Amino acid sequence: MQKWIIVLLLLTSCAKDFVNPYDPATPADIWMPSELTIDTLGRNALRLSWQQDELHIDGYTVRRDVSGQLSEFTIPFDSLTFSDIMVVDSTVTDTCPTAIYTVMARAGGNLSDSLASSAVVLPIVTEATAGADQSFTDNTTQATLSANSSGTGETGLWSVVSGNGGSFSDASSPTTTFSGQPCTSYVLRWTISGSCGISRSDELAINFQQQTNQANAGVDITALGLSLSVTLSANQPSEGESGQWTIVSGDGGQLYDNQSADSEFTGSSGVQYTLRWTIQSPCGISSDEVLIQMPIIVVDFDGNQYTTVEMGSQDGYNGPISSQIWMAENLRTSHYANGDPIPNVIDSWEWSQQSAGAWCYYENNSENDLTYGKLYNWYTTQDSRNVCPDGWHVPSLDEWTGLIFYLDQSAWIFNNQQSSEGGRFKEVGTQHWESPNTGADNSTGFTAMPGGDRSGTGYDYYIGTKALFWTATSYGFGRAYDILLLNTTSGVGYDDTANGGQYSAGRSIRCVQDQ
């Protein structure tokens, strides 16, 4: 059944020369009703109200004309209202009918002038309900809507109020699918329309968001050994996202694949790099950074490469602390830094007679070179042509003791074994050191190797059990200080015994970077 609502339009009156038989002298405009008003009571119902000055009447007559359908109602004289509970009935066929009411006073069979008012009676339209707001934080760009259905004779229609790029699979369906764009918010309107151009609307919000994966560039990396390449380990982007590496700081770096989370990265010796990993989604960007420290790789004249380690240094007891870069391998060069060759002396007698720089392999076996390095006499450390690569030098006794004091404030390193920190310098295990290799943990990264020594008389001893390193410091009488580590103790110190440190003896060399 059609539902209706009333819209009030117009108030009119007609002046006619009607006479009240009970009081003929009363003017017509006095005994006719006045101040007619119409109020709606609800759907398809209204109430008429009026005023009456002349009381010598029998009552009132109300006539209703709805699109030519006439009705008449008799109202008693003591009532100044009329309630019409069904303005439009089934006999009315107009879509948007107009109801005209005429109210007249009645006396002795005569009617007064009429007072008329009209109203448009409109169909009631179903209240529109668009449904609840919806928000998505994944990759979803579609939403199923859930508006209410339109009533009989009505139509429903979805429309986009705001937001770009949205569409409906069926805009007339209350439960249609809406497709939008990522990272876009929409306001949608559901409108139910009836006849007579009457409609009712409701809106809802749709928000398509995508949670951007939080970028994680991985842990900071300190590259070790002789490799200047590292493998990065950032987190992978999610579906629909992209990732990209950029070099924030540091010269000479190169990414193998800047869009791969686990790309290879190659840098330059000694350079620290900051790399940024950025994950981008249609809805946002997230970045994280990682530090890459490339090792300082030293190259001598022969092309040998050496790993390095940064070591603390303390100037005596409770003195100022600094740091130095040391080679983490024994020197292997056969040339001075300027390219002049250093003589390789094999014969024991000839070795004992040297008064200038010379080198040898332990037991003249070149297979010992890569692991243990060469053995050099002390004269080599004093040559102005520099046995160490450019920018490096043979450490003095003070530099060695500063290194030991940094590790052991109570050290008294006279006669080689008075500090117990020697294990922190030695390579771990017994692959090269003979058992028991006491205290070895190599926590400094120095990786001392037991290269043995060549005596001043040209004979080789103690490979696997002893590491001896030259200092650049002489204590006179044809002798110089050297640093000693043994496989049977965890001590470290310098050797000043009568049998050690002869200028003609062969020792290993570790170079330290100039400051």
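Located above this text is the structure these notes cover.
Presented here is a report on the structure given in the accompanying data block. Keep in mind that what you see is a predicted model, and the values were worked out from it rather than measured.

So, how was this worked out
Residues numbered from 1 in each chain as written. Predicted model: local features only at pLDDT ≥ 70, side-chain atom pairs only at ≥ 80, totals over all residues. Heavy atoms only, no water. Helix = DSSP H or I, 4+ residues; strand = E, 2+ residues; numbered from the N terminus. Buried < 20%, exposed > 50% of the residue type's maximum accessible area, 1.4 Å probe, protein only. Areas by Shrake-Rupley, 256 points an atom, 1.4 Å probe, with all protein chains shown as cover. Pairing = 2+ DSSP bridges. Disulfide = S-S within 2.5 Å. Axes fitted to C-alpha atoms, helices over the stretch in contact; angles between N-to-C directions. Contact = heavy atoms within 4.5 Å. Phe/Tyr/Trp six-rings, centres within 6.5 Å; stacked < 30°, edge-to-face > 60°. Salt bridge = Lys/Arg side-chain N within 4 Å of Asp/Glu carboxyl O. Polar contact = N/O pair within 3.5 Å; in protein donor to acceptor, adjacent residues only side chain to side chain.

**Some thoughts on the overall build of the protein chain**
- On a plain count of helices and strands, the protein chain comes out with five helices and 36 strands.
- Across the 515 residues in the protein chain, those meeting the buried criterion constitute 46%.
- For the protein chain, the exposed surface amounts to about 24200 Å²; the carbon and sulfur share of it is 48%.

**Here's the deal with the pairing of strand S4 (residues 59-66)**
- The buried fraction of S4 amounts to six of the eight residues, a majority that puts the element mostly inside the structure.
- Pairing of S4 with strand S5 (residues 69-76), which is carried by eight bridges, proceeds in the antiparallel orientation. Bridge pairing links Val-66 to Gln-69 in S5.
- Hairpin remark: S4 followed by S5, antiparallel, with two residues in the connecting loop; positive phi at Ser-67, about 50 degrees.
- The sheet contact formed by S4 and strand S7 (residues 98-107) spans eight bridges and is antiparallel. Within S7, the residue paired with Arg-64 across the bridge is Tyr-101.

**A closer look at the state of the cysteines**
- Counted according to the given criterion, the structure contains two disulfides.
- A sulfur-sulfur distance of 1.8 Å marks the disulfide that ties Cys-183 to Cys-283. The disulfide joining Cys-183 to Cys-283 has a torsion of about -105 degrees about its S-S bond and is therefore left-handed. Residue Cys-183 is located in the loop between strand S14 (177-179) and strand S15 (184-193), and its partner Cys-283 is located in the loop between strand S22 (272-281) and strand S23 (284-293); the two are separated by 100 residues in the primary sequence.
- Judged by relative accessible area, which is 25%, Cys-283 ranks as partly exposed.
- Each disulfide pairs two cysteine sulfurs, and for Cys-388 the partner residue is Cys-511, the sulfurs being separated by 2.1 Å. Given an S-S torsion of about -90 degrees, the disulfide between Cys-388 and Cys-511 has left-handed geometry. Placement of Cys-388 in the loop between helix H4 (378-382) and strand S30 (392-393) and of Cys-511 in the loop between strand S35 (493-495) and strand S36 (512-513) is noted, with a sequence separation of 123 residues between them.
- Using a relative accessible area of 0% as the deciding quantity, one classes Cys-511 as buried.

**Some details on unusual backbone geometry**
- In this structure, the amide linkage connecting Ser-435 to the following residue, Pro-436, adopts the cis form with an omega of 10 degrees.
- Structurally, Pro-436 can be placed in the loop between helix H5 (397-407) and strand S31 (453-454).
- The phi dihedral of Glu-35 falls on the positive side, at around 55 degrees, and the residue is not glycine.
- Secondary-structure assignment places Glu-35 in strand S2 (residues 34-42).
- Taking the relative accessible area as the measure of exposure, Glu-35 reaches 60% and is therefore exposed.
- Although it is not a glycine, Glu-363 sits at a positive phi angle of roughly 55 degrees.
- Position of Glu-363 among the secondary structure elements: in the loop between strand S28 (359-360) and helix H3 (369-372).
- On the basis of relative accessible area, Glu-363 is assigned to the exposed category, the value being 53%.

**Looking at the sheet that holds S15**
- A sheet is described by the order of its strands in space; here four strands give the open sequence S10-S16-S15-S12, paired in mixed fashion. One side of each edge strand has no neighbouring strand; the edge strands of this open sheet are strand S10 (134-136) and strand S12 (155-162). Averaged over all pairs of adjacent strands, the angle between strand axes in this sheet comes to 20 degrees, irrespective of strand direction.
- Where S15 meets strand S16 (residues 199-208), ten bridges bridge the pair, whose relative direction is antiparallel. Paired with Tyr-186 across the strands is Ile-206, a residue of S16.

**Some words on the environment of Asn-258**
- Tracing the chain through its elements places Asn-258 in the loop between strand S20 (254-255) and strand S21 (264-266).
- Expressed as a C-alpha distance, the spacing of Asn-258 and Gln-244, which sit 14 residues apart in the sequence, is 5.4 Å.
- The contacts of Asn-258, once residues within four sequence positions are left out, are Gly-243, Gln-244, Trp-245 and Trp-277.

**Here we look at the packing of aromatic side chains**
- All told, the structure shown has 22 aromatic pairs when counted by the stated rule.
- On the basis of an interplanar angle of 50 degrees and a centroid distance of 5.1 Å, the ring pair of Phe-168 and Phe-178 is categorised as tilted. Here the residue Phe-168 occupies a position in strand S13 (residues 167-168), and Phe-178 occupies one in strand S14, the gap between them amounting to ten residues.
- Residue classification places Phe-168 among the buried positions, given a relative accessible area of 19%.

**A short note on the pattern of salt bridges**
- The final tally for this structure, using the stated rule, is twelve salt bridges.
- Notably, a salt bridge pairs Asp-369 with Lys-374, separated by 3.1 Å at the nearest N-O pair.
- Look at Lys-374 and you get buried, because its relative accessible area is 4%.
- Linking Asp-453 and Arg-507 is a salt bridge whose minimum nitrogen-to-oxygen distance equals 3.1 Å.

**Observations concerning the side chain of Gln-324**
- Mapping Gln-324 onto the fold places it in strand S27 (residues 321-327).
- Here Glu-399 takes part through its side chain, which lies 2.9 Å from a polar atom of the side chain of Gln-324.
- Setting aside its immediate chain neighbours within four residues, Gln-324 contacts Val-309, Glu-310, Met-311, Ser-313, Glu-399, Val-512 and Gln-515.

**Description of H5**
- Of all eleven residues in H5, nine are buried, a share of seventy percent or more.
- Here H5 has its buried residues at Leu-397, Glu-399, Trp-400, Thr-401, Gly-402, Leu-403, Ile-404, Phe-405 and Leu-407.

**Considerations on the sheet that holds S23**
- Taken in spatial order, the four strands of this open sheet run S17-S23-S22-S19, and their pairing is mixed. In the strand order of this sheet, the two ends are held by strand S17 (221-222) and strand S19 (242-249), each with one partner.
- In this sheet, S23 lies alongside S22 in antiparallel orientation, the contact comprising ten bridges. Among the inter-strand pairings, Ser-281 is bridged to a residue of S23, identified as Gly-284.

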